[in-house]
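What follows is each chain in one-letter form.
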Amino acid sequence: MTLQGIEELLVTGVDSRVQRLPSGLDLHYLVCDRVKSPTIILIHGNVSSSIFWQRTMLELSQDARIIAPDLPNYGFSGRRPVIASRGLSDFSDDLAAFHQALGLPPCHWLGWSMGGGILLKLADGVSGASDRAGSECLVASVWTGELANQALVSTLASGDTGDGPSSPRTVMRKVYVANPVVLTTQDEDRYVQAMLRTALGPDYYPGDSSASDNWPGYAPGGRGIANAMSGLYFNARGLLDLKSKPAILWIQGGKDQLISDRSFLDASNLGQLGVLPGWPGVAECPLEPMIEQWKGFLSAYEELGGSVSRLWLANCGHSPHLEEPDAVHAAMRKWLSE
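This one's a predicted model, so the numbers in the text were calculated from it and none came from an experiment. (Residues numbered from 1 in each chain as written. Predicted model: local features only at pLDDT ≥ 70, side-chain atom pairs only at ≥ 80, totals over all residues. Heavy atoms only, no water.)

## Observations concerning the overall build of the chain
In step 1: Helix and strand content of the chain: eleven helices and twelve strands.
In step 2: Considered along the principal axes of its C-alpha atoms, the chain spans approximately 55 × 50 × 40 Å.
In step 3: Pairs at least 24 apart in sequence give 70% of the contacts found in the chain among residues at least 6 apart.
In step 4: Here the chain has roughly 13,600 Å² of accessible surface; of this, 49% comes from carbon and sulfur atoms.
In step 5: Computed over 26 positive and 36 negative side-chain charges, the inter-centroid distance for the chain is 4 Å. (Helix = DSSP H or I, 4+ residues; strand = E, 2+ residues; numbered from the N terminus. Contact = heavy atoms within 4.5 Å. Areas by Shrake-Rupley, 256 points an atom, 1.4 Å probe, with all protein chains shown as cover. Lys, Arg positive; Asp, Glu negative; His and termini not counted. Charge placed at Lys NZ, Arg CZ, Asp CG, Glu CD.)

Printed below as a string of C-alpha cells:
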C-alpha cells in the first residue's frame, strides 16, 4: 500500500508498513527490524504520531526490534470514532489485535503521554491482553486530563504550519518540550506534519461535551479522545489487582506542563490562574496533583509485589525522549536487560 506523504517524513533506516486488523481497520506502523528479539512497541501520545519516535527507534535498533504504530485517528492509520466511556480501551483493543496480527511474542511496551494510559489499559486485562506485556515503560504518561486546547484544534483544522501563538509548531515548542533548542528544524517540520494528521471533531479530538450545573459549566461527553482520558471514564487501578504484574519503568520530566501537579489540563488550575473565570475555590474544586497521584500509585504497585524503576528529569518537559534522549535511552537499555 502506498501512503501519500509518508516518504518525506521518514528518516533513513526506518521502514513504513501497514497491517489490516480483523475489524477492517488499517494500522500504519514504522519498524526497525535489524534485530529480531526482543521486541519493543512504542505508542505515541495525543496530537502526534509514530513519527515522533524515529530517533528513539534508530538509537535502540541495535538492541531490539522496534515497532511504532500510528494509533487509529492519527498519522497514516485509519479513522474510527472513539467511545469515550471505554476510557482508552478502544485503543488497547486495537493494540491487542495488532500484536496478534503480527504474530508477536510478549513484548516490551513503551507509551508516551496518552500512549502510556493506553498501555495501562492493555496490561490490566481489559483487552484480554495481559499476556502480551513483558514490561512497560511509561514516558510522561497521562494520569487523567479532560481539557482540550480549542485554539490548537482550530489551527490543526486549518493546516497551520507557521509559528503563530496557537499553531502546532508553537504548541510543540512551548508545551511538548521545555527547551525548543533540542528540536532540529528538519525534525520540527516532521513533527508539525505529524500533528496535522490528527483526526478532528466530536468523534475524535477533542470530542463532545455535556452541560453541567457545576463549575466550569460543562462536563465530559460520551465521544472523543479528550473525554476518554477524563477521570469520569479512565481508571487504570486494575493493575494493582493483577497477580502477575509487568515491570514498570516510569520516566517523568520536572518541567512538564501537562503531567504536573499544576497541569494545564486541569480546569481547577486554570481557574486558580484566572484563565477560566468563576472558579469557586480549592475547597469545592481542588487541583489535581497528577505527579503525587502517580507516585502514590507506583508505591502501591510496589507494595503489592510489582517492580518499579523511576527516572526523574528535573529540567525536562513533556517529551523526555526528545529532550534528554541519552538519559532515556540509557534507562531503557537497563530496563531491557532486567
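## Observations concerning the pattern of salt bridges
In step 1: Scanning the model with the defined rule gives 16 salt bridges in all.
In step 2: Residue Asp-33 is joined to Arg-17 by a salt bridge in which the shortest nitrogen-to-oxygen separation is 3.0 Å. Of the two residues, Asp-33 sits in the loop between strand E2 (26–32) and strand E3 (39–43) while Arg-17 sits in strand E1 (residues 15–20), which places them 16 residues apart along the sequence.
In step 3: Classification of Arg-17 by relative accessible area gives partly exposed; the value is 34%.
In step 4: The salt bridge partner of Asp-63 is Arg-333, with a shortest N-O separation of 3.0 Å. With Asp-63 in the loop between helix H1 (54–60) and strand E4 (65–69) and Arg-333 in helix H11 (residues 325–337), the pair connects residues that are 270 residues apart, well separated along the chain.
In step 5: Relative accessible area serves as the criterion here: at 30%, Asp-63 is assigned to the partly exposed category.
In step 6: Of the residues examined, Arg-333 reaches a relative accessible area of 31% and is grouped as partly exposed.
In step 7: Overlapping salt bridges, with partners in common, bring together Arg-169, Arg-173, Glu-188 and Asp-189 in one network. (Salt bridge = Lys/Arg side-chain N within 4 Å of Asp/Glu carboxyl O. Buried < 20%, exposed > 50% of the residue type's maximum accessible area, 1.4 Å probe, protein only.)

## Some remarks on the layout of surface pockets
In step 1: Looking at the largest pocket, its volume works out to about 970 Å³.
In step 2: Taken together, 40 residues line the largest pocket, and the ones lying closest to its centre are Leu-147, Ala-148, Asn-149, Tyr-205 and Leu-265.
In step 3: Only helix H4 (150–157), helix H5 (168–176), strand E8 (205–206), strand E10 (218–220) and helix H7 (225–228) provide two or more residues apiece to the lining of the largest pocket.
In step 4: Among the elements that line the lining of the largest pocket, the one with the most residues is H5, at five residues. (1 Å grid on protein atoms, 1.4 Å probe; cavity = no way out; pocket = protein on both sides within 12 Å on 5 of 7 lines; lining within 4 Å. Points joined across faces, edges and corners; volume = space filled by probe spheres on them.)

## A closer look at the packing of aromatic side chains
In step 1: The tally for this structure, following the rule as stated, stands at ten aromatic pairs.
In step 2: Plain terms: the ring middles of Trp-53 and Trp-112 are 6.2 Å apart, the flat faces sit at 75° to each other, and that makes the pair edge-to-face. With Trp-53 in the loop between E3 and H1 and Trp-112 in strand E5 (residues 107–112), this pair connects stretches of sequence that are 59 residues apart. Across the pair, exposure class does not vary: Trp-53 and Trp-112 are buried alike.
In step 3: One aromatic cluster in this structure is built from Phe-52, Trp-53, Trp-112, Tyr-176 and Tyr-191.
In step 4: If you follow Arg-197 out to its NZ or CZ, it ends over the ring of Phe-76, 3.8 Å from the centre. (Phe/Tyr/Trp six-rings, centres within 6.5 Å; stacked < 30°, edge-to-face > 60°. Lys NZ or Arg CZ within 6 Å of the ring centre and 35° of its normal.)

## What about a nonpolar patch on the surface?
In step 1: Taken together, the side chains of Phe-264, Leu-273 and Val-275 define a hydrophobic patch exposed on the protein surface, amounting to about 290 Å² of accessible area.
In step 2: When you line up the elements, Phe-264 lands in the loop between strand E11 (247–253) and helix H8 (267–272). (Patch = residues over 30% accessible without salt bridge, like charges linked within 9 Å, V, L, I, M, F, W, Y side chains within 5 Å.)

## Here's the deal with the pairing of E2
In step 1: Summarising burial for E2: seven of the seven residues are buried, a large majority.
In step 2: Both faces of E2 are covered, namely the face carrying Asp-26, His-28, Leu-30 and Cys-32 and the face carrying Leu-27, Tyr-29 and Val-31.
In step 3: Strand direction decides the pairing type here: E1 and E2, joined by six bridges, are antiparallel. When the sheet's bridge partners are listed, Gln-19 is paired in E2 with Leu-27.
In step 4: Connecting the antiparallel pair E1 and E2 is a turn made up of five residues, with Gly-24 showing a positive phi of about 95°.
In step 5: In this structure, E2 lies alongside E4, joined through four bridges in antiparallel fashion. Bridge pairing in E4 links Tyr-29 to Pro-69. (Pairing = 2+ DSSP bridges.)

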